[in-house]
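# Structural overview
The primary structure of each chain is shown beneath.
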Amino acid sequence: MDPRVAVSPQLSGGLVAPAIIARDLRRRFGDKTAVDGVDLQVPAGQIYGFLGANGAGKSTTVRMLCALLTPSAGSAWVAGHDVATDPIGVHLAIGAALQATAIDDKQTGLEHLELQGRLYGLRRREISRRIAELSELIDLGDALRRPAGSYSGGMKRRLDLALALIHNPSVLFLDEPTTGLDPVSRFALWDEVRRLNRERGTTVFLTTQYLEEADELAERVGIIARGRLVVEDTPDALKRRVGADMVVARVDGDTEVAVRALRALPEVESVDVAASEITARVGDGPTAVTPVALALSGAGVPVESLTLRRPTLDDVFLAVTGRRMAGVEAGEELATTGGASR
Amino acid sequence: MTALPETLPTTVPQALPAPRSLARRAGFARDVLSIAGRSLRQARREPETLFPPIFVPVFFFAIFVGSLESIFGQAGIDQFRAFQLPVSIVIAVTGVTRAPAVVTDIMNGYFDRLLLSPVNRLALLLGMMVADLAIVAALTVPVLAMGALVGVEFVTGVPGMLAFVGVALAWSLAYVGILYAVALRTANPTVTAQTFLLFFPFVFLSTTIVPREQMSGWMASVAGVNPLTYVYGALRSLIVDGWAQAPLLKGFVAIAAVGLVAHTLAYLALRGRVSRG
């Protein structure tokens, strides 16, 4: 197939050419395998969330898809360009804001944008036009003419995103774009990603440790753990896989006794434990709350709180990786049952 | 190219047409000038880095001439100021480079930002070297002015003075290859900063203070294989002897040899740094 076909999203027969394809993508560093056979396809125009804890292989996958790192095995195409054999083709089609905010403190924001435009072959008028178009996103005002060393973390992130967009890429890679941002800056960046996708049809490949971010933005989510893509689907479908409802009990006592008591209940489908928090997946939450409370009381386990809620991506993450993402984010190693499901 | 897999059933039937990227390759010359321009802007914002190459040559010239001129006069060397001016220009131009900025770029991720663009990879190195040359050319002006002030005259006239600057710039360009090689290979600010120590054996194990004929033993032997000895020879000949072919040719060969080794190392280090392995 002519690779150029892949940049044309709408094909006959209701097919959409994938903007990103990875086939058995692997990367080793010496004895360590960072990415261990990732398969994925992202249709053009989609926001794809790539979830994983630190060291799971997210950034290595992104670096391979951005043609900054050659795969040890497997293959990948981005916007129809083979990442191994046509890296410049990939670079011409994509924009990327990698994990480290790539800003030169000595240059002003304006100089960053102008240099970036020149390196992407834009003419002077095109550069001026694109800077004007991106000014709302940059939102730096007069600071645009100050050296970037004086910028806050949020300002640098916004400038970094604008640099990734100066040439109007068809595929945008964002590697943990909101890490370290305050909530206001984070929501503003989410709005911008949505707008880019909605108004321009930009395909967005977003890696994140924030489950809420993936839930808010991504049409499809893949979870990577120990270099492998362990599950992939829409956020709603992933949550449905976990179960209809969750009853979460925070206990002050022997969790093993509590788990045994809950597993004996017919309303409970499975039970997971993370530290003192026990999560029971149930078919119908409202009818299961009372039996759960009685079972814990009957087992002599003091209950600090009992909550009924819908499954979240964190529950999905726990179910497929055996650990809670939130605890990993906070650097807290949680004791888990390693998928202690019934 | 590996065959592209078949398309997949759509999950986004209302997908908009993908935006057309405006990106295209800018061309080698434009890439070099863009990178050079950025380096010069950086240098303008770090004027403190230019104080040593302005101050140190004047300092050494004053010390050497003040303390040794009469002694060399008694030994029959009557143009000691002309003998020392090449030392000043070599001290002014040797090791003046933006190579440490490469390390900063690698450490803060900006180098990856450059590699994500379609910029010609060789232009990343050559652009910085072009900036180095522009800075070094400016640094020769105070040295020439100092020479004129103390009465050093070029027997080759203005063309000889321009050739004098040209030899100094060529030496500077050849030498910075070593510094870029270290910066790109190690990406370590401490190691890169310590490469200035190379300057000492080059400068002081050569004919910086006395002519080689006045040396004896191991010093004369070492100076004989030090390329800087021949660079001094070419520079001095332009002031004192006229358009003498032999010293100019030896100087050219010495600079070419250093340049060949240093730039090969720099190119290999660049290739390693931009390789996607």
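Residues numbered from 1 in each chain as written. Chains lettered and ligands numbered in written order. Predicted model: local features only at pLDDT ≥ 70, side-chain atom pairs only at ≥ 80, totals over all residues.

### Thoughts on the overall build of chain A
Here is the rule: Secondary structure elements follow DSSP: runs of H or I no shorter than four residues count as helices, runs of E no shorter than two count as strands, and numbering proceeds from the N terminus. Field definition: a residue is buried when 20 or more other C-beta atoms are found within 10 Å of its C-beta, exposed when 12 or fewer are, and partly exposed for counts in between, with C-beta atoms placed from the backbone. Residue pairs are scored as contacts if the distance between their C-beta atoms, which are placed from the backbone, is within 7 Å.
Regarding its fold elements, chain A presents 12 helices and 15 strands. The proportion of buried residues among the 342 residues of chain A is 53%. Restricting to contacts in chain A with at least 6 residues of sequence separation, those with at least 24 account for 69%.

### With respect to the overall build of chain B
Within chain B, the secondary structure is distributed over 12 helices and 1 strand. For chain B, the sequential pattern of α-helices and β-strands runs β-α-α-α-α-α-α-α-α-α-α-α-α. Counting only C-alpha atoms and orienting by the principal axes, one finds that chain B spans roughly 95 × 35 × 35 Å. Within chain B, the proportion of its 277 residues that are buried is 42%. Put simply, of all contacts in chain B between residues at least 6 apart along the chain, 78% involve residues at least 24 apart.

### Notes on the nonpolar core
Defined as follows: Residues of type Ala, Val, Leu, Ile, Met, Phe, Trp, Tyr and Cys that are buried and joined through C-beta atoms within 7 Å form what is called a nonpolar core.
Counting residues in hydrophobic clusters, the biggest one holds 171 residues, and the most contacted among them are Leu65 and Val78 of chain A together with Tyr180 and Val231 of chain B. Counting residues per element, this core draws most heavily on helix 7 (residues 157-186) of chain B, which supplies 18 residues. The contact partners of Leu65 of chain A, leaving out residues within four places of it in the chain, are Ile20, Ala22, Ala76, Val78, Val83, Phe173 and Phe205 of chain A.

### Description of the environment of His91 of chain A
Within the element layout of this structure, His91 of chain A appears in helix 2 (residues 87-93). Residue His91 of chain A is classed as buried on the basis of its 27 C-beta neighbours within 10 Å. Residues His91 of chain A and Cys66 of chain A lie 25 residues apart in sequence; the distance between their C-alpha atoms is 7.0 Å. For His91 of chain A, the contacting residues outside a window of four places in its chain are Ala67 of chain A together with Leu116, Ser117 and Pro118 of chain B.

### Quick look at the sheet that holds strand 5 (residues 73-78) of chain A
Residues and elements named next belong to chain A. For clarity, the cut-off: By the convention used here, strands pair only if DSSP detects at least 2 bridges between them. Simply put, an axis is a line fit to the C-alpha atoms, just over the touching stretch for a helix, and the angle between two N-to-C directions goes from 0 to 180 degrees.
Strand order in the open sheet made by the 4 strands is 3-2-5-6, with antiparallel pairing throughout. Only two strands of the sheet have a single neighbouring strand rather than two, namely strand 3 (32-43) and strand 6 (81-82). Two strands pair when backbone bridges link them, and strand 2 (residues 18-29) and strand 5 are joined in this way by 5 bridges, in the antiparallel orientation. Looking across to strand 5, one finds that Ile20 is bridged to Val78. Together, strand 2, strand 3 and strand 5 form the strand contacts of helix 1 (residues 58-65), whose direction differs from that of strand 2 by roughly 120 degrees.

### Quick notes on the domain arrangement of chain A
Residue and element names in this part refer to chain A. Our working definition: What fixes the domain bounds is an automatic or database domain assignment. For this classification, the nonpolar set comprises Ala, Val, Leu, Ile, Met, Phe, Trp, Tyr, Cys and Pro, the charged set comprises Asp, Glu, Lys and Arg, and every other residue, Gly included, is treated as polar.
Domain annotation for chain A reports domain 1 (3-233) and domain 2 (239-329). The straight-line distance from the C-alpha centre of domain 1 to that of domain 2 is 37 Å. At the interface, 12 residues of domain 1 touch 10 residues of domain 2. Counting residues per element, the ones that place at least two in the side of domain 1 that touches domain 2 are helix 7 (211-217), strand 10 (220-225) and strand 11 (228-233). Across the side of domain 1 that touches domain 2, the residue classes break down as 9 nonpolar, 2 polar and 1 charged.

### Considerations on helix 11 (residues 227-241) of chain B
Residues and elements named next belong to chain B. To be explicit about the condition: Expected span of a helix: the number of residues minus one, times 1.5 Å.
Between the first and last C-alpha of helix 11 there are 20 Å, a value that for 15 residues agrees with the 21 Å anticipated at 1.5 Å per step. With 13 of 15 residues buried, helix 11 is to be regarded as a mostly interior element. Looking one or two residues beyond helix 11, the residue adopting positive phi is Gly242, at roughly 100 degrees.

### Quick notes on the sheet that holds strand 8 (residues 171-175) of chain A
Residues and elements named next belong to chain A. If you walk across this open sheet you meet the 6 strands as 7-8-9-4-10-11, and the pairing is mixed. Since the sheet does not close on itself, it has two edges, and those belong to strand 7 (94-97) and strand 11, each with one partner. Pairwise comparison of adjacent strand axes, ignoring direction, gives a mean angle of 15 degrees for this sheet. The strands that helix 11 (residues 313-321) touches are strand 4 (47-51), strand 10 and strand 11; relative to strand 10, the one it contacts most, it runs at about 40 degrees.

### Examining the packing of helix 4 (residues 99-108) of chain B against helix 7 of chain B
Residue and element names in this part refer to chain B. Put simply, the test is: Each angle gets one of four labels, with under 35 degrees taken as roughly parallel, over 145 as roughly antiparallel, 65 to 115 as roughly perpendicular, and the rest as oblique. A crossing counts as left-handed when the near helix is turned anticlockwise from the far one by less than a right angle, and as right-handed when that turn is clockwise.
Close contact between helix 4 and helix 7 brings their axes to 8 Å; oriented N to C, the two are set at 15 degrees. Classified by the interaxial angle, the pair formed by helix 4 and helix 7 is roughly parallel. Crossing handedness for the pair helix 4 and helix 7: right-handed. Listed contacts from helix 7 to Ala99, Pro100, Val102 and Val103 of helix 4 are Val176, Leu179, Tyr180, Ala183 and Leu184. By residue class, the composition of the contact of helix 4 with helix 7 is 9 nonpolar, no polar and no charged.

### Remarks on the confidence of the model for chain B
Residue and element names in this part refer to chain B. The criterion, for reference: As a per-residue measure, pLDDT reflects the predictor's confidence and takes values from 0 up to 100.
Here chain B averages 90 in pLDDT, and 93% of its residues register 70 or above. Across chain B, the secondary-structure element scoring lowest on mean pLDDT is strand 1 (residues 8-9), at 41, and the one scoring highest is helix 7, at 97. In this model residues 1-16 is a low-confidence stretch, pLDDT under 50, and it forms 44 contacts with partners more than four residues away in sequence or in other chains. At the level of chain-chain contacts, confidence expressed as ipTM amounts to 0.86, with global pTM at 0.82.

### Focus on unusual backbone geometry
Residues and elements named next belong to chain A. A positive phi angle, close to 50 degrees, is found at Asp24, a residue other than glycine. Here Asp24 lies in strand 2. For Asp24, a count of 13 C-beta atoms within 10 Å puts it in the partly exposed group. A positive phi angle is found at Ala67, which is not glycine, with a value near 60 degrees. Take Ala67: it is sitting in the loop between helix 1 and strand 5. Exposure remark for Ala67: the 26 C-beta atoms within 10 Å place this residue in the buried category.

### A short note on helix 1 (residues 28-44) of chain B
Spacing of three or four residues puts side chains on the same side of an α-helix, whose turn is 3.6 residues. Between its first and last C-alpha atoms helix 1 of chain B spans 24 Å; for 17 residues at 1.5 Å apiece the expected length is 24 Å, and the two agree. By the burial criterion, the buried members of helix 1 of chain B are Asp31, Val32, Ser34, Ile35, Ala36, Arg38, Ser39, Gln42 and Ala43 of chain B.

### Overview of the environment of Phe64 of chain B
Residue and element names in this part refer to chain B. Relative to the elements of secondary structure, Phe64 occurs in helix 2 (residues 51-74). On a C-alpha basis, the gap between Phe64 and Thr208 in space is 9.8 Å, while along the polypeptide they are 144 residues apart. Sequence-distant contacts of Phe64, that is, excluding residues within four places in its chain, are made with Gln84 and Ile209.

### Here's the deal with the confidence of the model for chain A
All names here are of chain A. When the pLDDT values of chain A are averaged, the result is 85; 89% of them are 70 or greater. In this model, residues 1-15 is a region of pLDDT below 50 whose contacts with residues beyond four sequence positions or in other chains number 37 contacts. Within the model, the stretch residues 327-342 combines pLDDT values under 50 with 29 contacts to residues more than four positions away or in other chains.

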